[in-house]
Amino acid sequence: MEGSRQVETSRLEAYWREQLRLIITLLVIWFAVTYLHPPFAASLNKIKILTGFPLGYWLSSQFSITVYVILIFVYALTMNRVIDKKYGFEEE
Amino acid sequence: MSQEAGYTPLTRAQLSEFRRRLAKYYGAFFVFLIAFTVVLYLFERAGLPQRFIGYAFIFLTLLLYAFIGILNFTRRLEEYYVAGRRVPAIFNGMATGADWMSAASFISMAGTLWLLGYDALAYIMGWTGGYVLLALLFAPYIRKFGQYTIPDFVATRYGERARLARFVAAICAIIVSLAYVTAQVTGVGIIMSRFFGLDYRVGVFVGLAGVLVCSFLGGMKSITWTQVAQYIVLIVAYLIPVTFLSAKLTGVPFPQLMYGKALSEIGQLEQAMNLPAYVQPFKQALSNSAAISAFKQIGITPPEPITVKDWVGTPWQFLALTLCLMAGTVGLPHILIRYYTVPSPKEARISVGWSLFFIWLLYVTAPAYAAFSRWEVLQNVVGQPINALPEWTANWIRTGLLKITDANNDGILQFSELSINGDIVVLATPEIAGLPFTIAALVAAGGLAAALSTADGLLLVISTAVAHDIYAKIINPNAPYGRRFLLSRLMILISAVIAALLAIPQFALIVQLVAWAFSMAASTFFPVLLLGIFWKRANANGAIAGMIGGLITCLVYMFWNYVDPRFNVLGLSHLSAGIFGMAANFLITIVVSLATAPSPKYIQDMVDQLRIPVGEMRLPAPGAAPGTAPGVAPAGQD
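Procedures and definitions
Residues numbered from 1 in each chain as written. Chains lettered and ligands numbered in written order. Predicted model: local features only at pLDDT ≥ 70, side-chain atom pairs only at ≥ 80, totals over all residues. Helix = DSSP H or I, 4+ residues; strand = E, 2+ residues; numbered from the N terminus. Rg over C-alpha atoms; globule rule 2.2 N^0.38 Å. Buried ≥ 20, exposed ≤ 12 C-beta atoms within 10 Å, placed from the backbone. Contact = placed C-beta atoms within 7 Å. Nonpolar A, V, L, I, M, F, W, Y, C, P; charged D, E, K, R; others polar. pLDDT = per-residue confidence, 0-100. Axes fitted to C-alpha atoms, helices over the stretch in contact; angles between N-to-C directions. Parallel < 35°, antiparallel > 145°, perpendicular 65-115°, else oblique. Left-handed = near helix turned anticlockwise from the far one by under 90°. Expected span 1.5 Å × (residues − 1). Core = buried A, V, L, I, M, F, W, Y, C linked by C-beta atoms within 7 Å.

(A) Up close: the overall build of chain A. When helices and strands are tallied, chain A shows 3 helices and 2 strands. Mapped from its N terminus to its C terminus, chain A presents α and β elements in the order α-α-β-β-α. In terms of overall size, chain A is more extended than a compact globule, its C-alpha atoms giving a radius of gyration of 20 Å where 92 residues would be expected to give roughly 12 Å. Each principal axis of the C-alpha distribution contributes one length, and for chain A these read about 65 × 25 × 10 Å. Within the span of chain A, comprising 92 residues, buried residues form 34% of the whole.

Here's what the structure looks like:
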């Protein structure tokens, strides 16, 4: 009984660590696409892309927010389909 | 405890059957909306007066919302508070989209972009990026917790001082939501008066009736299913005009891609006219002009006008505002409670993705509105003889939203002689694109849907904070079921009337309050929820001190800077005061928690349970003997 509880506890700890690793990785990307480009927006604007967007403006108005949507789906699918399964937390 | 007696969750098969049925209903609703628009357009061509087309749109949509609201009448608390926890991820995504996007997103966002250019993109990034935090840090854990309100969570997680923690959280929820709902009611009144010629006050009360039919009878259950319909109305209404405008101006009906052309045309026109560049970042100086006009309106002696230009050209305000809006988004109770309504934590994760996708559709389009109408104005309005301006300008000059003065009497309109109210950008686009009035009426119906759906969600938060948190959990824990229910309904009615009364004088301060709501939410809920889930050592003393200290720090910076912008750190305005409140809250919560005893074992066990996406939560009564508190629910128990 005591032994199986310990196995259970270490499984939970491993699950939580893996969850945290995924969350932190995605938060680093979130941080990068949010905060790294605006300080240079004025210089980036000199570059034109697609139909004529100034790059700095485009990064904030389209690129970052599209990455946000992707990040959430990557998180949800990785958790639901990979990490939960690996640790046996699937729905019945 | 989280499940009401006799209320069983749906099985997976029932849920997917439910999802299919919903898809059919709302698919039919979408087709009906388009068909109705086409029919009205045909009537318009046949000569039906515009006034009737406008009324037809408003009354038909209100009738539909009322129909859905009444259909979802309920006597069960589990349905009244959390829609029975059976809302599929994708539909909860649409409901969250409508809940989130207010009159301000629908009408004013594009206008703000028109006026501020790059600097307004802080709103676009802040109000979307917050959902990443919501998905990764909050939504699945909040759903696993599975009670009814956000103060429920605060009171349980910080259970050593459950009543005080709940009280502070409930008061914070009420302050934030009341400011916000008043702005929605104001928005309804403005749309009604501008488009349908109703008196502003009559508009407010018609709108209020619209809110009440959706929320009074069925609570969260009615709200959810009307919000899905309202999302469909608002997104169709938002996308159609700008798509036609893009086709007219560039030949390609894909505004999100084609406004790049508008931006480069704007750049060339600006150079030719020696205007500051629209896409140039960080142009905003600090000023107290908002405080001056707000103070004058309520009869307080206004401060001397002060403008601080020291920080123009630095990115700090932009970065801080973005962070503040993100953290505020995650701390808004009416958004958080939407994730109680999905069937499981796994659905909650996916549901945030859908939520942001549906919000993204509007936010990625808003800058296109701004760019196309700026192009139109620079190309066809500025530099033209004043007596030969395009036809669409006449209507808006009449409403006072567009002001033109020939300051130098040369008969030609210069850019500086033009003054634009931002709201015009969305409202006038149908006319600029040469679309029939039917489309303009559809846009008004969309704005109304945006305002009503947000107001619904907020009213529910206020009413549950009073009826559930303060009355049933603090004042009278033995209150009979029927009385709790009655009080919930009564509170919706009362808070709706209070919001309407606050909206009648149209105080500029109210608009300001909404902008501040994000700072306040970031300073109160965000840190204590985050630490509550991710740091077991956080305790009740820390959280309560943190919420109070965070709110005070935020308010001090806010008001001081609002009145006297010379008081600032790195040029941050009162709009980003939440940065300081949030930092103070984190610091105080951590220091006080470490200085006092850790939370008892049963609370730490509860945090362990939160982190597992399956199984029901088992919440022990406080004071349960050590060892009897349930450990971790076994895998797969559902």
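The rest of the description comes next.
(B) Molecular detail of the overall build of chain B. Helix and strand counts for chain B come out as 24 helices and 4 strands. For chain B, the C-alpha radius of gyration of 25 Å lies close to 26 Å, the compact-globule estimate for 638 residues. Dimensions along the principal axes, computed over C-alpha positions, put chain B at roughly 85 × 55 × 45 Å.

(C) Structural context of the interface of chain A and chain B. Taken residue by residue, the interface counts 42 residues in chain A and 44 residues in chain B. When the residues that make up the side of chain A that touches chain B are grouped by side-chain class, the tally is 25 nonpolar, 11 polar and 6 charged.

(D) Looking closely at the confidence of the model for chain A. Across chain A, the average pLDDT comes to 92, with 96% of residues at 70 or higher. When pLDDT is averaged over each element of chain A, helix α3 (residues 55-86) of chain A comes out on top at 97 and helix α1 (residues 2-35) of chain A at the bottom at 90.

(E) Structural detail: the environment of A451 of chain B. Residues and elements named next belong to chain B. Looking at the secondary structure, you find A451 in helix α19 (residues 437-475). Accessibility expressed as a C-beta count within 10 Å gives 33 for A451, which makes it buried. Separated by 357 residues in the primary sequence, A451 and M94 have C-alpha atoms spaced 15 Å apart. Not counting residues within four places of it along the chain, the set of residues in contact with A451 comprises S102, A103, Q184, G187, V188 and I191.

(F) Quick peek at the packing of helix α6 (residues 121-145) of chain B against helix α13 (residues 316-331) of chain B. All names here are of chain B. At a minimum axis distance of 7 Å, the contact between α6 and α13 shows a crossing angle of 45 degrees. As far as their axial angle goes, α13 and α6 are oblique. Taken as a pair, α6 and α13 cross one another with a handedness that is right-handed. Residues A122, Y123, M125, G126, W127, G129, G130, Y131, L133, L134 and F138 of α6 form the contact with α13, whose own contacting residues are F318, L321, T322, L325, M326, T329 and V330. Looking at the contact of α6 with α13 residue by residue, the class counts come to 13 nonpolar, 5 polar and no charged.

(G) Up close: the environment of P54 of chain A. Along the chain, P54 of chain A falls in strand β2 (residues 53-54). Residue classification places P54 of chain A among the buried residues on the basis of 25 C-beta atoms within 10 Å. Between the C-alpha atoms of P54 of chain A and V69 of chain A, which are 15 residues apart in sequence, the distance is 22 Å. Discounting residues that sit within four places of it in the chain, P54 of chain A has contacts with N45 and K48 of chain A together with L263 and V279 of chain B.

(H) Region of interest: helix α20 (residues 481-503) of chain B. All names here are of chain B. The end-to-end C-alpha separation of α20 is 33 Å, in line with the 33 Å expected for 23 residues at 1.5 Å each. Considered for burial, the residues of α20 that qualify are L487, S488, M491, I492, S495, A496, A499, A500 and A503. Those residues of α20 hidden inside the fold are in contact with α3 (77-82), α8 (162-196), α9 (200-215), α10 (219-250) and α19.

(I) Inspection of the nonpolar core at higher detail. Core analysis: the biggest nonpolar cluster contains 236 residues, and I72 of chain A together with A135, L234, F372 and A445 of chain B have the highest contact counts within it. In this view, A445 of chain B contacts F57, I58, T61, V233 and A237 of chain B; residues no more than four positions away in its chain are not counted.

(J) Molecular detail of unusual backbone geometry. Residue and element names in this part refer to chain B. Phi at N274 takes a positive value of approximately 60 degrees, unusual for a residue other than glycine. Position of N274 relative to the elements: it lies in the loop between α11 (255-273) and β1 (286-287). With a phi angle near 55 degrees, L570 is a residue other than glycine that sits in the positive phi range. Looking at the element boundaries, L570 is found in the loop between α22 (540-563) and α23 (578-595). Looking at L570, the number of C-beta atoms within 10 Å reads 14, which means it is partly exposed.

(K) How the structure looks around the packing of α11 of chain B against helix α16 (residues 366-381) of chain B. All names here are of chain B. Between α11 and α16, the shortest axis-to-axis distance is 8 Å and the interhelical angle comes to 35 degrees. Crossing of α11 over α16 shows left-handed handedness. When α11 is examined against α16, the residues P255, Q256, Y259, A262, L263, E265, I266 and L269 are found in contact with a partner set consisting of P367, A368, A371, F372, R374, W375, L378 and Q379. Considered class by class, the residues forming the contact of α11 with α16 number 12 nonpolar, 2 polar and 2 charged.

(L) Seen up close, the confidence of the model for chain B. Across chain B, the average pLDDT comes to 89, with 96% of residues at or above 70. Contacts for the low-pLDDT stretch residues 623-638 of chain B, under 50 throughout, to residues beyond four places or in other chains number 33 contacts.

(M) Up close: the environment of D119 of chain B. Residue and element names in this part refer to chain B. Mapped onto the fold, D119 is located in the loop between α5 (103-116) and α6. The partly exposed category is assigned to D119, around which 19 C-beta atoms lie within 10 Å. Sequence-wise, D119 and Y278 are 159 residues apart; in three dimensions their C-alpha atoms are separated by 9.7 Å.

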